[in-house]
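# Descriptive structure summary
The lines below spell out each chain.
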Amino acid sequence: MLILAFDTATSAITAAVHDGAVLLAERHIIDTRRHAEALAPTIAAVLADAQAELRDITHIGVGIGPGPFTGLRIGVVTAVTFGHALSVPVLGICSLDAIAHAAAAGVTAEFLVASDARRKEIYWARYTSIAGRAERLSPPSVGRPMALDARDQALPCAGRGPLLYPEFLPHPIGPQDVSAACVAELTVREVRAGRHPEPAPLYLRRPDAQEPGAPRPTLVAGAGS
Amino acid sequence: MKRDQPLVLGIETSCDETGVGLVAGETLLADAIASSVDLHARFGGVVPEVASRAHLEAMVPTLERACATAGVTLRDVDAIAVTSGPGLAGTLMVGVAAAKALAMALGKPLYGVNHLAAHVAVDIVEHGPLPEPVVALLVSGGHSSLLLVPDVTHDVRPLGATLDDAAGEAFDKVARVLGLPFPGGPHIDRVARDGQVSIDFPRGLSSGRDLQRHRFDFSFSGLKTAVARWVESQRAAGVAVPTADVAASFQEAVVDVLTRKAILACREAGVTDLQIGGGVAANSRLRAMAQERADAAGIAVRVPRPGLCTDNGAMVAALGAQLVIKGRAPSGLDLPADSSMPVTEVTA
Ligand SMILES: [Zn+2]
């Protein structure tokens, strides 16, 4: 087994190569504006670090968000195109789960993962740590941090949510962004369990679009000119 | 198929069409398109996020369809070309990311190309090598440009462009005023056939000082407003709006300006060949008037078939093949999507 994993759903552009037993290499760039430019070179670099070739890859694991749409889509379209061109399966991993996977080692009970959804909102889900392993308790959601109930707000919280909204999420824990090593480990787990989660993006929001009303009258608007 | 010719796969996602084309040298092998236009119709224009989601879903099926049509596998492809700009930032990124993944997976060079240059290059697969130089009139919902093209692989010079609305945008807006569906171009063309050119709508930047200062530029926003006002004044007076006559008169005004300036550009540049591309090139009146005026001026007109005038993958593949044949340098894996890529940059 040789897994190429990457994620572009948070501020990180992250890629990793994993052989099913150990992580061979990981690369990580923090840059919210350069997902389109930087993902492919990051993947090329991590493959070189791992002394692996794309044709040796057996599975692709990709973060499917939730996350800001444009960045998220770059990861997913890269993954499905690799999958098609290399004839290998592509597994979709919830990006919040990947953050929770890393956070679970440091907590012993319930915790949140909250990432930046922009527009004063967060993408979030509730987890519990059982023997250092994260179990998701609620589906990934989008909403205002102030709208979370008091019990959720009081939980330790991984992701960038607590940095952005410390008044509502006062107990930050690490990590802040997705690490592709975690996406790879979760991909290994799914492959071993014989599961094949689809690489369909978790948008959670509808596209912004307004249906037009009647054409604006120009006679009135232009009357004074 | 001539296998001594480079086989290039082209990807186009600058607006609402997911296009994948395969071109071997100057021969078109496949032109697969998935359009999200129906998803945008009720919004009266392209919604970038809706288009971007549709591109992601359509990418792999469209790649498969192009290869099946051409009877080739991805492993046969010699190079990947992709529109890197100009266009909608979010939709461009889907195509650029897919193209990079293909180039990496196949170990083949990647060419990020200019969408406008690709509109010019596509005519090579229809009518053979481009005359050098050629004047190109590119008119669509996204662009209205006059270009002087000495060499489509590296020398494209802007002569003029629209100062406000693109020509196709004016068609969409006037269609809305007339209660016709989106996209407006084909509907206005159809309705106008039963109408008379009976209303004298304004021709922007076409006379006096405007023409001197903006010799090859266009402006359609004044025309659009004039049509809207004329229609409203009829309605306000309780008179039935003669839709066919309004459509015909509006279309005549647009086409008159486009063809007049295109012919003028050819004459002043001493160029004897005019190429027309973009979605508005499918307009029957534009084709007819361009032919008539070009004939009178001794200029040859080249217009690809309508399916190659609208956005498609074949145009990107056609330009990519020329870049390979002429030995131009490929792009790096850090190729950006550049929504405002200048027309003078053929490759990124
Ligand atoms: Zn176009």
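Further up the page is the structure itself.
Before going into details, it helps to say that this report is about the structure given with it. Computed from a predicted structure; not experimentally measured. (Residues numbered from 1 in each chain as written. Chains lettered and ligands numbered in written order. Predicted model: local features only at pLDDT ≥ 70, side-chain atom pairs only at ≥ 80, totals over all residues. Heavy atoms only, no water.)

## Some details on the overall build of chain A
Regarding its fold elements, chain A presents seven helices and ten strands. With 225 residues in all, chain A has 56% of them scored as buried. In chain A, 63% of the contacts between residues at least 6 apart in sequence involve partners at least 24 apart. By element, 52% of the accessible surface of chain A is carried by carbon and sulfur atoms, the whole surface being about 9,800 Å². Between the centroid of the 20 positive side chains of chain A and the centroid of its 22 negative side chains there is a distance of 5 Å. (Helix = DSSP H or I, 4+ residues; strand = E, 2+ residues; numbered from the N terminus. Buried < 20%, exposed > 50% of the residue type's maximum accessible area, 1.4 Å probe, protein only. Contact = heavy atoms within 4.5 Å. Areas by Shrake-Rupley, 256 points an atom, 1.4 Å probe, with all protein chains shown as cover. Lys, Arg positive; Asp, Glu negative; His and termini not counted. Charge placed at Lys NZ, Arg CZ, Asp CG, Glu CD.)

## Structural notes on the environment of Arg 195 of chain A
Residues and elements named next belong to chain A. Note on placement: Arg 195 falls in the loop between α6 (180-192) and α7 (218-221). Separated by 45 residues in the primary sequence, Arg 195 and Ala 150 have C-alpha atoms spaced 36 Å apart. Residues in contact with Arg 195, not counting those within four places in the same chain, are Leu 91 and Glu 190.

## A closer look at the sheet that holds strand β2 (residues 17-24) of chain B
All names here are of chain B. As summarised here, the arrangement of the five strands in space is β3-β2-β1-β4-β5, forming an open sheet in which the pairing is mixed. A strand with exactly one partner marks an edge of an open sheet, and here the two such strands are β3 (27-35) and β5 (110-114). Sheet twist, expressed as the mean angle between neighbouring strand axes with direction ignored, is 20°. When strand β1 (residues 7-12) meets strand β4 (residues 79-85), the two strands line up parallel, connected through four bridges. Paired with Ile 11 across the two strands is Val 82, which belongs to β4. (Pairing = 2+ DSSP bridges. Axes fitted to C-alpha atoms, helices over the stretch in contact; angles between N-to-C directions.)

## Quick look at the coordination of the zinc ion
All names here are of chain B. Within the protein, His 115 (NE2), His 119 (NE2), His 143 (NE2) and Asp 311 (OD) serve as the donor atoms for the zinc ion, at 2.1 to 2.5 Å. The site at the zinc ion holds four donor atoms, and with the angles between them running 88 to 161°, its shape is irregular. If you list the donors of the zinc ion from N- to C-terminus, the spacing comes out as H-x3-H-x23-H-x167-D. Remark: Asp 311 occurs in the loop between α12 (306-309) and α13 (313-325) and His 115 occurs in helix α4 (residues 115-121); sequence separation between them is 196 residues. Judged by relative accessible area, His 115 falls into the buried class, the value being 1%. Assessed through its relative accessible area of 14%, Asp 311 is described here as buried. (Donors = N, O, S within 2.8 Å, 3.2 Å for Na, K, Ca; no water. Tetrahedral: all angles 85-135°; square planar, octahedral: opposite > 155°, others 65-115°.)

## A short note on unusual backbone geometry
At the junction of Gly 85 of chain B and Pro 86 of chain B, the peptide bond is cis and its omega measures out at -15° in the coordinates. Structurally, Pro 86 of chain B can be placed in the loop between β4 and α3 (89-106).

## Details of the nonpolar core
With 74 residues, the main nonpolar core has Leu 4, Phe 6 and Phe 82 of chain A together with Leu 9 and Leu 22 of chain B as its most contacted residues. Here this core takes 13 residues from α3 of chain B, the largest share from any one element. With 53 residues, the next largest nonpolar core counts Val 174, Ala 175, Leu 180 and Ile 299 of chain B among its residues. (Core = buried A, V, L, I, M, F, W, Y, C linked by side-chain atoms within 4.5 Å.)

## A short note on the pattern of salt bridges
What the rule picks out here adds up to 27 salt bridges over all chains. For Arg 160 of chain A, the salt bridge is made with Asp 177 of chain A, and the minimal N-O distance between the two is 2.7 Å. With a gap of 17 residues between them, Arg 160 of chain A in the loop between β10 (157-158) and α5 (161-164) and Asp 177 of chain A in the loop between α5 and α6 connect regions that are remote in the sequence. A residue is classified by how much of its surface remains accessible, and Asp 177 of chain A, at 8% relative accessible area, is buried. Of the charged contacts, one joins Arg 203 of chain B and Asp 256 of chain B as a salt bridge, the two residues approaching to 2.9 Å between their closest N and O atoms. Taken together, the residues span a long stretch of sequence, with Arg 203 of chain B in the loop between α7 (184-192) and α8 (208-213) and Asp 256 of chain B in helix α10 (residues 243-269) at a distance of 53 residues. Residues joined by salt bridges that share partners form a network here, namely Asp 200, Arg 203, Asp 256, Arg 260 and Arg 293 of chain B. (Salt bridge = Lys/Arg side-chain N within 4 Å of Asp/Glu carboxyl O.)

## A few points about the interface of chain A and chain B
Across the contact, 39 residues belong to chain A and 35 residues belong to chain B. A combined buried area of about 3,200 Å² lies between chain A and chain B, and 71% of that area is made up of carbon and sulfur atoms. Joining chain A to chain B, the criterion identifies one salt bridge. Our count for the contact surface shared by chain A and chain B stands at four residue pairs in polar contact (both at pLDDT 80 or more). Looking at which element gives the most residues to the side of chain A that touches chain B, the answer is helix α2 (residues 69-86) of chain A, with 13 residues. Counted by class, the side of chain A that touches chain B contains 23 nonpolar, nine polar and seven charged residues. (Buried area = accessible area lost by both parts, 1.4 Å probe. Polar contact = N/O pair within 3.5 Å; in protein donor to acceptor, adjacent residues only side chain to side chain. Nonpolar A, V, L, I, M, F, W, Y, C, P; charged D, E, K, R; others polar.)

## Section: α10 of chain B
All names here are of chain B. The first and last C-alpha atoms of α10 sit 39 Å apart over 27 residues, in line with the 39 Å expected at 1.5 Å per residue. Of all 27 residues making up α10, 20 are buried, and the element is well covered by its neighbours. Count one or two residues on from α10 and you reach Gly 270, which has phi positive near 65°. (Expected span 1.5 Å × (residues − 1).)

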